[in-house]
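Chains, contacts and geometry: an overview
One-letter residues, chain by chain:
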Amino acid sequence: MKSTPKNLLRLWKHGVQPISLATRRVTLCAAPGFTLVEILISISIVTVVVGLLYGTFRSTIETSEQLDQEANPFRLSRLVFYQITRDISMSIHPKAATASASNLNTDSSFALSPLKGENRSHFMNESYYPNDSITFPSLATPPVLQGFSEWRQANISYSLSGSVLTRKVQYVDRAVENEVAESVLGLDLRYFDGKKQEWADEWNSEEQKENPQAIEVILILKESDESPERRLQTRVEIPSPKSL
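Another point: the sheet that holds strand E6 (residues 164-170). What the six strands build is an open sheet, ordered E7-E6-E5-E4-E1-E10; its pairing is antiparallel. Single-partner strands in this sheet number two, and they are strand E7 (175-181) and strand E10 (203-204). Looking at chain direction, strand E1 (residues 116-118) and E10 are connected through two bridges and run antiparallel. By the bridge assignment, Gly117 is partnered in E10 with Trp203.

Moving on, we get to the pattern of salt bridges. This model, assessed by the stated rule, comprises four salt bridges. The salt bridge involving Glu216 is made with Arg190; its shortest N-O contact spans 2.7 Å. One end of the pair, Glu216, is in strand E11 (residues 214-221); the other, Arg190, is in strand E8 (residues 184-193), and 26 residues separate them in sequence. Owing to a relative accessible area of 3%, Glu216 belongs among the buried residues under this scheme. For Arg190, a relative accessible area of 25% corresponds to the partly exposed category. Connected via shared salt-bridge partners are Arg190, Glu216 and Arg235.

It is worth spelling out the confidence of the model for the protein chain at this point. Segments scoring low in pLDDT should not have their predicted coordinates read at a detailed level. For the protein chain, per-residue confidence averages 78 on the pLDDT scale, and residues scoring 70 or more make up 71% of the total. Under a pLDDT of 50 for its full length, residues 98-105 has, in the predicted model, eight contacts with residues more than four places off or in other chains.

Cut-offs applied
Along each chain, the written sequence defines residue order, and numbers are assigned to residues from 1. Since the coordinates come from a predicted model, pLDDT governs what is reported: local features require at least 70, and pairs of side-chain atoms require 80 or more to be given and counted, while whole-chain, interface and lining totals use all residues. By convention in this description, side-chain values take in all heavy atoms of the structure and omit both hydrogens and water. Pairing between strands requires that DSSP locate at least two bridges from one strand to the other. Strands are runs of DSSP state E lasting at least two residues, helices are runs of H or I lasting at least four, and both sets are numbered from the N terminus onward. A side-chain nitrogen of Lys or Arg and a carboxyl oxygen of Asp or Glu constitute a salt bridge if their distance falls within 4 Å. For the exposure calls, accessible area comes from a 1.4 Å probe over protein chains only, and a residue counts as buried if that area is under 20% of its type's maximum, exposed if over 50%, partly exposed in between. Confidence scores labelled pLDDT are given residue by residue by the predictor and lie between 0 and 100. Residue contacts follow a heavy-atom distance rule, with two residues in contact if any of their heavy atoms lie within 4.5 Å.

Written as structure tokens, this is what we have:
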């Protein structure tokens, strides 16, 4: 339809507003879309959000690794204390060992060592640390054979070799030695004298004619140069001959 004055007047009477060619061009240019500035701003916002999320994730991982590293000495000490406590709680007095040898399928001629604890020290990391050792008769379980195991009398000893805590079990027919823990700076042992009601740094059941009532075990652990020293301890009661 041509834009004549008559046609325009007729459109105005019917409530229709005519659209000129210039208006059509403006409408076409105003079609929906994103400008380059808007895209750059969106990319910047996404980059900032991803950076914040990565920083939070990285911080969480580092915190988890730090907590896990700090918990390692406690896990190690639990394993060591479990092994030592198990051996000491099953310790036997040499006087009672002969009577129980037949019930334990053990050679009665096997010489059981008296409980003997030595107070020593060694130099590590520019400092002196306790390097105590202990030997005592106990009931130990050999490796499982053919689906079963049995308790056997043995002499068990704990000592430090450098920073490694070793456990040696001497049976009547063989000896077994294994590493219990690493990164151990010191092993400190004390013995409770039931008669004097006091703690002693050394003990010899052959001289004192009896075992101590309890043993205190202190471990000094340090995994690396950056990690702090940890002093962890436990106490173990020793059964008396009357209870065997």
